[in-house]
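Coordinates in review
If you want the building blocks of each chain, they are given just below.
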Amino acid sequence: MTGGSSTARPLDGRALVVAGRYNESVTRKLLEGAEHALSNAGFGTRDVDVVWVPGAFELPLVIDRGLATGKYVLAVALGVVIRGETTHFEYIASETARGISTVARQHGIPVGFGVLTCEVMGQALARAGGDAGNKGAEAAEAAVATARVLQQFGRGA
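The residue numbers shown here count from 1 along each chain, following its written sequence. With pLDDT at 70 or above as the cut-off, local features in this predicted model cover only qualifying residues; side-chain atom pairs require 80 or more to be listed or tallied, and sums for whole chains, interfaces and linings still use all residues. As a rule here, side-chain values come from all non-hydrogen atoms in the structure, and water together with hydrogens is ignored.

**Let's talk about the side chain of D49**
Our working definition: Secondary structure elements are defined from DSSP: runs of H or I of at least 4 residues count as helices, runs of E of at least 2 residues count as strands, and each element is numbered from the N terminus. Polar contacts, as counted here, are pairs of nitrogen or oxygen atoms within 3.5 Å of one another; within protein the pair requires one atom able to donate a hydrogen and one able to accept it, and residues that are adjacent in sequence qualify only if both atoms are side-chain atoms. Any two residues whose heavy atoms approach within 4.5 Å at even a single point are treated as in contact.
Within the secondary structure, D49 sits in strand β2 (residues 48-53). Among the polar contacts made by the side chain of D49, one reaches the side chain of Y72 at a distance of 2.5 Å. Not counting chain neighbours up to four residues away, the residues in contact with D49 comprise R14, A15, L16, V17, K71 and Y72.

Here's what the structure looks like:
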């Protein structure tokens, strides 16, 4: 197998993007980045399904159900969890990450992790198209790159 290249064979299938509405002003910027990255990878607007859920905690379940349909070659999880004054942050962030990882392994389909876990809103804004780039775009790019690697193994591997 070789590394990725700009002449990689296009992925045959659809992309699922699941976004949490909590902190939606930030999540929408992550979504813009993810959609742009998917477009650059050859996914047309009709090849990308965007589904909104209440928050980050709901992402793994909805991605699991989406991937179970068999029509997606990759998924991207987008959300924002900002630390508060209680331990709630740790539970949500940890379980969301664990759930997304589990879903990807169970289905054998890459899920780009675009869930921000930040101390304050300023950090989230910086990572949603600000000084720190757009983590939604990075998550989509990672999912595409991983899907291309898996494609090299062929179906049924």
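**Brief notes about helix α1 (residues 24-40)**
Put simply, the rule reads: Here a helix's expected span is defined as the number of its residues, less one, multiplied by 1.5 Å. When accessible area is computed with a 1.4 Å probe and restricted to protein chains, residues below 20% of their type maximum are described as buried, those above 50% as exposed, and intermediate ones as partly exposed. Comment: arc refers to directions from the helix axis out to C-beta atoms.
Helix length check: α1, at 17 residues, gives a terminal C-alpha distance of 24 Å against a target of 24 Å (1.5 Å per residue), a fit within 8%. For α1, the complete set of buried residues consists of V26, T27, L30, L31, G33, A34, A37 and L38. Along the axis of α1, the buried residues cluster in a sector spanning 165 degrees; they form a single face. Turned more than 90 degrees from where α1 packs its buried face, S25, E32, H36 and N40 sit exposed.

**Points about the confidence of the model for the protein**
Quick reminder of the rule: For every residue, the predictor assigns a confidence score, pLDDT, that lies between 0 and 100.
Summing up the model confidence of the protein, the mean pLDDT is 92 and the portion of residues at 70 or higher is 92%. Confidence over residues 1-7 falls short of pLDDT 50; this stretch has four contacts with residues more than four positions distant or in other chains.

**Observations concerning the pairing of strand β1 (residues 14-20)**
The side chains of a regular strand alternate between both faces of the sheet. What counts, and what does not: Any two strands with at least two DSSP-identified bridges between them are counted as paired.
Here β1 lies mainly inside the structure; six of its seven residues are buried. In the sheet, β1 pairs with strand β3 (residues 72-82) via six bridges, with the strands oriented parallel. What sits directly across from A15, in β3, is L74. Bridge analysis of β1 against β2 gives six bridges, and the strand direction is parallel. Paired with L16 across the strands is D49, a residue of β2.

**Observations regarding the sheet that holds strand β4 (residues 111-118)**
Heads up, the rule is: Lines fitted to C-alpha atoms define the axes, with helix axes restricted to the stretch in contact, and inter-axis angles between N-to-C directions lie between 0 and 180 degrees.
Across the sheet, which stays open at both edges, the four strands sit in the order β2-β1-β3-β4 with parallel pairing between neighbours. Bordering the open sheet on either side are β2 and β4, each of which pairs with just one other strand. In this sheet, neighbouring strand axes are inclined to one another by 10 degrees on average, regardless of whether the strands run parallel or antiparallel. Judged from the eight bridges that link them, β3 and β4 form a sheet pairing that is parallel. Note that in β4 the partner of A77 across the bridge is F113. Where α1 meets the sheet, it contacts β1, β2, β3 and β4, and its direction lies at approximately 155 degrees from that of β3.

**Some words on the packing of helix α2 (residues 59-68) against helix α3 (residues 88-107)**
What counts is decided by this rule: The scheme is simple: roughly parallel for angles under 35 degrees, roughly antiparallel for over 145, roughly perpendicular for 65 to 115, oblique for anything else. Working rule for handedness: look at the near helix, and if it is turned counterclockwise from the far one by less than a right angle, call the crossing left-handed; if clockwise, right-handed. Polarity classes work like this: nonpolar for Ala, Val, Leu, Ile, Met, Phe, Trp, Tyr, Cys and Pro, charged for Asp, Glu, Lys and Arg, and polar for all others, with Gly in that last group.
Axis separation between α2 and α3 bottoms out at 8 Å; the angle between their running directions is 15 degrees. In terms of axis orientation, α2 runs roughly parallel to α3. As for how α2 packs across α3, the hand of that crossing is right-handed. Two secondary-structure elements touch here, α2 through L59, P60, I63, D64, L67 and A68 and α3 through T96, G99, I100, V103, Q106 and H107. Grouping the amino acids of the contact of α2 with α3 by side-chain chemistry returns seven nonpolar, four polar and one charged.

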